Amino acid sequence: MRPSLSLDRLTVPGFARVEVVETSPSTNAELVAAVRSDPAAWPAPSALIAEEQTAGRGRAGRSWQTPPRAGLTVSVLLRPRVPAEALGWLPLLAGLAVVRAVADGGVTAAVKWPNDVLLPADDAVGGLGPYRKVAGILAEVVPEAPDAHPAGTQGAAPAVVLGIGLNVSQSAEELPVPTATSLALAGYPRPERTDVLVRMLGEVHAVVRRWEDADGDVVAAGLLAEYAAVSATLGTRVRAELAGDAGVLEGEAVGLDESGALRIRDDSGEERTVTAGDVWHLR
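Residues numbered from 1 in each chain as written. Predicted model: local features only at pLDDT ≥ 70, side-chain atom pairs only at ≥ 80, totals over all residues. Heavy atoms only, no water.

## Quick word on the overall build of the chain
Next, step 1: Across its full length, the chain holds four helices and 14 strands.
Next, step 2: Its C-alpha atoms give the chain a radius of gyration of 18 Å, near enough to 19 Å, the size a compact globule of 283 residues would have.
Next, step 3: Along the first, second and third principal axes, the C-alpha atoms of the chain reach 55 × 45 × 35 Å.
Next, step 4: Residue burial in the chain is summarised as follows: out of 283 residues, 51% are buried.
Next, step 5: Counting only contacts in the chain whose residues sit at least 6 apart along the sequence, the fraction spanning at least 24 positions is 64%.
Next, step 6: Taken as a whole, the chain presents about 12500 Å² of accessible surface, with 52% of it coming from carbon and sulfur.
Next, step 7: Averaging the positions of the 25 positive and the 36 negative side-chain charges in the chain gives two centres separated by 2 Å. (Helix = DSSP H or I, 4+ residues; strand = E, 2+ residues; numbered from the N terminus. Rg over C-alpha atoms; globule rule 2.2 N^0.38 Å. Buried < 20%, exposed > 50% of the residue type's maximum accessible area, 1.4 Å probe, protein only. Contact = heavy atoms within 4.5 Å. Areas by Shrake-Rupley, 256 points an atom, 1.4 Å probe, with all protein chains shown as cover. Lys, Arg positive; Asp, Glu negative; His and termini not counted. Charge placed at Lys NZ, Arg CZ, Asp CG, Glu CD.)

## Points about the sheet that holds strand S2 (residues 46-53)
Next, step 1: Taken in spatial order, the seven strands of this open sheet run S1-S2-S5-S9-S8-S7-S6, and their pairing is mixed. Two strands in the sheet have a free side with no partner beyond their single neighbour: strand S1 (17-24) and strand S6 (110-112). For this sheet, the mean angle separating the axes of adjacent strands, direction not counted, is 30°.
Next, step 2: Those strands touched by helix H1 (residues 27-37) are S1, S2, strand S5 (71-78), strand S8 (129-141) and strand S9 (160-167), and its axis lies near 25° from that of S5. (Pairing = 2+ DSSP bridges. Axes fitted to C-alpha atoms, helices over the stretch in contact; angles between N-to-C directions.)

## Some remarks on unusual backbone geometry
Next, step 1: In the segment running from Ala 44 into Pro 45, the intervening peptide bond is cis, with an omega of -5°.
Next, step 2: Secondary-structure assignment places Pro 45 in the loop between H1 and S2.
Next, step 3: Phi angles above zero are rare outside glycine, and Arg 69 is one such case at about 60°.
Next, step 4: With respect to the element layout, Arg 69 can be found in the loop between strand S4 (63-64) and S5.
Next, step 5: What makes Arg 69 buried here is its relative accessible area of 10%.

## Some thoughts on the sheet that holds strand S12 (residues 262-265)
Next, step 1: An order of S13-S12-S11-S10-S14 is seen for the five strands of this open sheet, with the pairing classed as antiparallel. Of all the strands in the sheet, just strand S13 (271-274) and strand S14 (277-281) have a single pairing partner and so form its edges. With strand direction ignored, the average angle separating the axes of adjacent strands in the sheet is 45°.
Next, step 2: Summarising the sheet, strand S11 (residues 248-256) and S12 pair through four bridges and their orientation is antiparallel. Residue pairing for S12: Gly 255 is matched across the bridge by Arg 263.

## Thoughts on helix H2 (residues 90-103)
Next, step 1: An ideal rise of 1.5 Å per residue puts 20 Å on 14 residues; H2 measures up with 20 Å between its terminal C-alpha atoms.
Next, step 2: Where burial is concerned, most of H2 is hidden: 12 out of the 14 residues are buried.
Next, step 3: Taken together, the buried positions of H2 are Leu 90, Pro 91, Leu 92, Leu 93, Ala 94, Gly 95, Leu 96, Ala 97, Val 98, Val 99, Ala 101 and Val 102. (Expected span 1.5 Å × (residues − 1).)

## Thoughts on the packing of aromatic side chains
Next, step 1: Summed over the entire model, instances satisfying the criterion amount to one aromatic pair.
Next, step 2: Ring centres of Trp 89 and Tyr 227 lie 6.4 Å apart, and the angle between their planes is 90°; on these two criteria the pair is classed as edge-to-face. One end of the pair, Trp 89, is in the loop between S5 and H2; the other, Tyr 227, is in helix H4 (residues 223-229), with 138 residues separating them in the sequence.
Next, step 3: Take Tyr 227: its relative accessible area is 1%, and that puts it in the buried class.
Next, step 4: For the cation-ring pair, Arg 17 lies above Trp 42, with the distance from its terminal atom to the ring centre recorded as 3.7 Å. (Phe/Tyr/Trp six-rings, centres within 6.5 Å; stacked < 30°, edge-to-face > 60°. Lys NZ or Arg CZ within 6 Å of the ring centre and 35° of its normal.)

## Some thoughts on the side chain of Ser 231
Next, step 1: Relative to the helices and strands, Ser 231 resides in the loop between H4 and strand S10 (237-242).
Next, step 2: Among the residues examined, Ser 231 registers a relative accessible area of 15% and is labelled buried.
Next, step 3: A distance of 3.1 Å separates the side chain of Ser 231 from the backbone nitrogen of Thr 233, its partner in a polar contact. (Polar contact = N/O pair within 3.5 Å; in protein donor to acceptor, adjacent residues only side chain to side chain.)

## Some remarks on the nonpolar core
Generally speaking, nonpolar side chains in soluble globular proteins are found buried as a group.
Next, step 1: Judged by nonpolar contacts, the single largest core of 64 residues is most densely connected at Leu 166 and Trp 211.
Next, step 2: Ranked by the residues each element gives to this core, the list is headed by H2, at 10 residues. (Core = buried A, V, L, I, M, F, W, Y, C linked by side-chain atoms within 4.5 Å.)

## Observations regarding the pattern of salt bridges
Next, step 1: Taken as a whole and judged by the stated rule, the model has 16 salt bridges.
Next, step 2: The partner of Arg 193 in a salt bridge is Glu 51, with the nearest N and O atoms 2.7 Å apart. With Arg 193 in helix H3 (residues 193-213) and Glu 51 in strand S2, this residue pair connects regions lying 142 residues apart in the sequence.
Next, step 3: The class of Arg 193 is buried, set by a relative accessible area of 5%.
Next, step 4: With a closest N to O distance of 3.2 Å, Asp 116 and Lys 133 form a salt bridge. One end of the pair, Asp 116, is in strand S7 (residues 116-125); the other, Lys 133, is in strand S8, with 17 residues separating them in the sequence.
Next, step 5: On the basis of relative accessible area, Lys 133 is assigned to the partly exposed category, the value being 25%.
Next, step 6: Through salt bridges with shared partners, a single network forms among Arg 9, Glu 192 and Asp 195. (Salt bridge = Lys/Arg side-chain N within 4 Å of Asp/Glu carboxyl O.)

The following block contains the structure:
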């Protein structure tokens, strides 16, 4: 049996509350419900972690499940003090934070727009090229009740739950698809989940603080350049399957706009912006 998280080492500077449960259908759904029920009990930032998640949700309704104590299924409650139009950057910045946390263990990771973290692989697969997926990220704005804020607290920043699923010690047989990997399979020198979790939460807090200090301006914060430096998508030929059956766009991923949307230049030289959809790396 894999070891449980070491609760005595789960002190994360900057976090108001860090809770671990043995099992949860979905830490995101559970934390959203808890924040709606009692906002004061979950000051930002707080985190809910499950040793086993049985019905986790990824982007576009996909499932995310892991064997007990093999990965990290984490939901973080944030209230980013940034303009509402900047919130689209949150999953991208979370990806940057995960890359940094993993790099502390000597593994070079990359981000795939909009919400995946990848590790290098020995061979290429369709849609990812020479990478495999090690983490997925999902951000959800919490729909607050009309009386959610006690008297005198109106105008507080909106609550956002940021879900991160990271494969840590899974074997190849335990992974759901052949395009996935884990830190252990990628040669991470010591995939101890408590250490990885503390680093990851610390990096999320540090990145969000820098973002807030720059009033949501990723350029002024230096975060756009840092994100671009670890991007496996930018500068790559991609195919974007647009959300809502809006068609397919193929071309070079040339940059990000002010909201974090992906800019793609097609073969005619026209640039279009993709705000949502599946993006496949073609080379």
